[in-house]
Amino acid sequence: MLNLADLRKNYALQSLAETDVQSDPIAQFAIWFQHAIDSQILEPNAMSLATATANGLPSVRTVLLKGFDNQGFTFYTNYESRKGKELLENPQAALSFTWLELERQIRIEGTVEKVSAATSLQYFQSRPKASQIGAWISQQSDIISDRSVLEQRQRELQAEYADTEKLPLPPFWGGYNLRPNRIEFWQGRRSRLHDRICYTLGNGVWQLVRLAP
């Protein structure tokens, strides 16, 4: 069996200095995100989303980023899922993008709020019809007896909405916006002396510091 202690890589692709980055972390995120797209990374918008219950019990999963701007980072999900219930109890969350091909990571922390129903509807109806049906079918995180439950409901909805490409928005489904107050950019370096540039928001102004690896 492979010795996990022997699994290591010496990162050496690039460096990251304070003079290399934008003063606005959203602008810097846009630059790195475009690099990830240009590098043809599989699912560059895949991100880990960490939430916690009111008493601090954490959970994490992978979701897809569907938009970002100076107001924050947007993703969509079932409001009645485990993450939805935890965000209702505790509207604080963290995101992490890991692009190993670029030896980069971005960590984002902040507060979360739902986007408007109009925004959710617009995005929902832009999705492929099969994905719209999938959102209606799945009571995400609930226990089901077997897969046939989903497949039967899928057939029913396909028949019900056979003549339209746009389904109504499920009342239990929509978007969240994470408004950041901390964003860290991590660039792998040799000998584990990685570069970490961190922005924190205070009184409406982003402050930039370097962190020890």
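Note that the coordinates shown come from a computational prediction; the quantities given were computed from them, not determined experimentally.

A. Fine view of the overall build of the chain. When its secondary structure is counted, the chain shows 5 helices and 9 strands. Ordered by position from the N terminus, the helices and strands of the chain form the series α-β-β-β-β-α-β-β-α-α-α-β-β-β. Considering the chain as a whole, with its 213 residues, one finds that 38% of them fall into the buried category. In the chain, once contacts between residues fewer than 6 apart in sequence are set aside, the share between residues at least 24 apart is 66%. Accessible area of the chain: about 12300 Å², with a carbon and sulfur share of 51%.

B. Examining the packing of helix 4 (residues 129-137) against helix 5 (residues 148-160) more closely. The geometry of helix 4 relative to helix 5 is characterised by a closest axis approach of 10 Å and an angle of 125 degrees between their N-to-C directions. If you check the angle between helix 4 and helix 5, you find them oblique. Crossing handedness for the pair helix 4 and helix 5: right-handed. Contacts from I133, W136 and I137 in helix 4 reach L150, R153, Q154, L157 and Q158 in helix 5. Residues of the contact of helix 4 with helix 5, tallied by class, amount to 5 nonpolar, 2 polar and 1 charged.

C. Molecular detail of the packing of aromatic side chains. Applying the stated criterion across every chain yields a total of 18 aromatic pairs. Taking the centre distance of 5.7 Å and the plane angle of 50 degrees together, the rings of F97 and W99 count as tilted. Taken individually, F97 and W99 each receive the classification buried, so the pair is uniform in this respect. Grouped by ring-pair contacts, the aromatic residues F29, F33, F68, F73, F97 and W99 constitute a single cluster. Seen from the ring of W32, R104 lies directly overhead, with NZ or CZ sitting 4.1 Å from the centre. Over the ring of Y79 we find K114, and its NZ or CZ is 4.0 Å from the ring centre.

D. Seen up close, helix 3 (residues 117-124). Buried residues of helix 3: S120, Y123 and F124, and no others. Projection of helix 3 onto a plane perpendicular to its axis shows the buried side chains occupying an angular sector of 100 degrees, all on one side. Residues of helix 3 that are exposed and point more than 90 degrees away from the buried face comprise A118 and Q122. The elements touched by buried residues of helix 3 are strand 4 (72-78), helix 4 and strand 7 (173-187).

E. Structural detail: the pairing of strand 6 (residues 104-114). One ladder, built from 8 bridges, connects strand 5 (residues 92-99) with strand 6; its direction is antiparallel. By the bridge assignment, L95 is partnered in strand 6 with I108. Turn length for the strand 5-strand 6 hairpin, with the two strands adjacent in sequence and antiparallel, is 4 residues, and the turn residue E103 shows positive phi of about 55 degrees. Examined bridge by bridge, strand 6 and strand 7 share 11 bridges and lie antiparallel to one another.

F. How the structure looks around unusual backbone geometry. At Q40, a position not held by glycine, the phi torsion is positive, near 60 degrees. Mapped onto the elements, Q40 comes out in the loop between helix 1 (25-38) and strand 1 (46-52).

G. Region of interest: the pattern of salt bridges. Scanning the entire structure with this criterion turns up 12 salt bridges. K9 is paired through a salt bridge with E103; the nearest N and O atoms lie 3.8 Å apart. Taken together, the positions of K9 in the segment before helix 1 and E103 in the loop between strand 5 and strand 6 put the pair 94 residues apart, joining distant regions of the chain. Among the ionic pairs, E113 bridges to R179, the shortest N-O distance being 3.3 Å. With E113 in strand 6 and R179 in strand 7, this residue pair connects regions lying 66 residues apart in the sequence. Taken together, the shared-partner salt bridges connect E18, R189, D195 and R210 into one network.

Criteria and thresholds
Residues numbered from 1 in each chain as written. Predicted model: local features only at pLDDT ≥ 70, side-chain atom pairs only at ≥ 80, totals over all residues. Heavy atoms only, no water. Helix = DSSP H or I, 4+ residues; strand = E, 2+ residues; numbered from the N terminus. Buried < 20%, exposed > 50% of the residue type's maximum accessible area, 1.4 Å probe, protein only. Contact = heavy atoms within 4.5 Å. Areas by Shrake-Rupley, 256 points an atom, 1.4 Å probe, with all protein chains shown as cover. Axes fitted to C-alpha atoms, helices over the stretch in contact; angles between N-to-C directions. Parallel < 35°, antiparallel > 145°, perpendicular 65-115°, else oblique. Left-handed = near helix turned anticlockwise from the far one by under 90°. Nonpolar A, V, L, I, M, F, W, Y, C, P; charged D, E, K, R; others polar. Phe/Tyr/Trp six-rings, centres within 6.5 Å; stacked < 30°, edge-to-face > 60°. Lys NZ or Arg CZ within 6 Å of the ring centre and 35° of its normal. Arc of directions from axis to C-beta. Pairing = 2+ DSSP bridges. Salt bridge = Lys/Arg side-chain N within 4 Å of Asp/Glu carboxyl O.

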